[in-house]
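In case you want the letters, here they are:
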Amino acid sequence: MAAGRKVEHAPRVVIGVTGGIAAYKAAYLVRLFVKAGADVHVIPTPTALEMVGATTWEALTHHPVLVRTSEHADEVAHVRLGKEADLVVVAPATANTIAKARAGIADNLLLNTLLVAQCPVVMAPAMHTQMWEHPATQENIAVLQARGVHIIPPASGQLTGADSGPGRLPEPEDIFAQSWEILTGEHPDARAEQHSTEHTLRGRNILVTAGGTHEALDPVRFIGNRSSGRFGLEIARALLERGARVTVLAAHVARDITALASGAEIVPVSSARDLHQAVLARVKNADGVVMSAAVADFRPAEPAASKQKKDGSGKRVVELVENPDILADISHRRRRSGQLIVGFAAETGDANGSVLDYGREKARRKGADLLVINRVGEKTGFGEVPTEITVVTPAGEVIASGAGSKAQMAGIIAGLIADHFTTERV
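Let us look at the structure shown here. Given the structure is predicted, the values throughout are model-derived calculations rather than measurements.

### Considering the sheet that holds strand S5 (residues 150-151)
With parallel pairing, 5 strands are arranged side by side in an open sheet as S2-S1-S3-S4-S5. Only two strands of the sheet have a single partner each, and these edge strands are strand S2 (39-44) and S5. Here 2 bridges tie strand S4 (residues 121-125) to S5, and the two strands are oriented parallel to one another. Directly across from methionine 123, in S5, lies its bridge partner isoleucine 151.

### Thoughts on the nonpolar core
The biggest cluster of nonpolar side chains holds 74 residues, and the ones touching the most others in it are Phe33, Trp57, Leu239, Val248, Val290 and Ile417. In terms of residue count, the dominant contributor to this core is helix H15 (residues 406-425) (9 residues). Apart from the residues lying within four places of it in its own chain, the contact partners of leucine 239 are Leu201, Ile206, Val208, Ala244, Val246, Val290, Ala414 and Ile417. With 25 residues, the next largest nonpolar core counts Leu81, Ala117, Ile141 and Val149 among its residues.

### Considering unusual backbone geometry
With omega at -5 degrees, the peptide bond leading from alanine 91 into proline 92 counts as cis. With respect to the helices and strands, proline 92 occurs in strand S3 (residues 87-93). Positive phi outside glycine occurs at histidine 62, with the angle close to 65 degrees. Backbone geometry at histidine 252 places phi at a positive 55 degrees, although glycine is not the residue there. Following the sequence through the fold, histidine 252 ends up in the loop between strand S11 (245-251) and helix H11 (255-258).

### Overview of the pairing of strand S19 (residues 398-404)
The element S19 is extensively covered by neighbouring structure, given that 5 of its 7 residues are classed as buried. Sheet topology note: the strand S18 (residues 387-392)/S19 ladder contains 6 bridges and is antiparallel. Its bridge partner lying in S19, isoleucine 389 is registered against glycine 402. Following S18, the chain reverses through 5 residues before pairing antiparallel with S19; glycine 396 in that reversal takes a positive phi of roughly 90 degrees.

Reading the values: the criteria
Residues numbered from 1 in each chain as written. Predicted model: local features only at pLDDT ≥ 70, side-chain atom pairs only at ≥ 80, totals over all residues. Heavy atoms only, no water. Pairing = 2+ DSSP bridges. Helix = DSSP H or I, 4+ residues; strand = E, 2+ residues; numbered from the N terminus. Core = buried A, V, L, I, M, F, W, Y, C linked by side-chain atoms within 4.5 Å. Buried < 20%, exposed > 50% of the residue type's maximum accessible area, 1.4 Å probe, protein only. Contact = heavy atoms within 4.5 Å.

Structure, rendered in structure tokens:
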């Protein structure tokens, strides 16, 4: 395979995205190639579409997304895309795709394209450490390299869950810089690109709600929930890292957790009505709103003025009334044109429907631009436990999903927000 060849037209780059947890990072990679003037086509594997939806890729590239060889059969897309490409980059490249590429298996459009491509091919593997170090994977990598495939070794660091080691997808800036040099023979200004990418939200005002509201029963007791606010603060931190100005409306979040978002303006709130008023006071100035706080649906109709004591009856009846639906309010009555609103839905699922079923129904009803469905339970969701999310549109389309630490999932959400505003500029 030739490397560093000059092209007279806009470079035609195919970016293959496989079903690894790092698939969301490929959106940054696509943007870097588009910004550099490349004509980019994204070919995700079917599993990758469970991580990041076709809408994201189509918005970034302005090309339709194809997955199977049967699509656009009249154009013989699986041959055309490979033959016309000046460069193919697979990022992330899972152990499964690497093994199939080595064996010449072609059971999806990306693998077909790799068989047809006569241009340089770059693979950026990403997987668990044990998978990367397994003799089978190392043998597959060696065979592909012998055939001329350029391998960008994985980085070391925290992986899904508590494990760490080699296996992380290299940063998109590094993949782009090495790939661009292979394509053109010229090294891009990687430092400038890195600075630009890391600050994709520079100048954006983002409002984040975090924690759980308390609804007073009396001066001592309240109705509340198990939310610690950690996820919301991790989201705030991820947004700050991308250059955004962030205001956090923090409902009963411990001081040590608010420290996660050092650099954000922290505004304490208590009840759902307090939070509603605080949101309304700031939403007009926000480019984006992330409603990650767990808001109580109901409050006592008449909180007692003094502590209520046992009266020997063995029971106490408390009348509840509904709290305002903050997310629906700001979604259906937009205070600012072009504003991005991200809602959250903590769901458990039951005999009548799955977590995704209930989340999709809420997405249709609430009207937010994106809804993060957060599976909660004894061992997932609230507190220092793993987090599992699925992000859907109001139409119920899954555009991203993942499972891991709150920091990792916050990175996915912040990446989607950055992609939204990046797409507006591209």
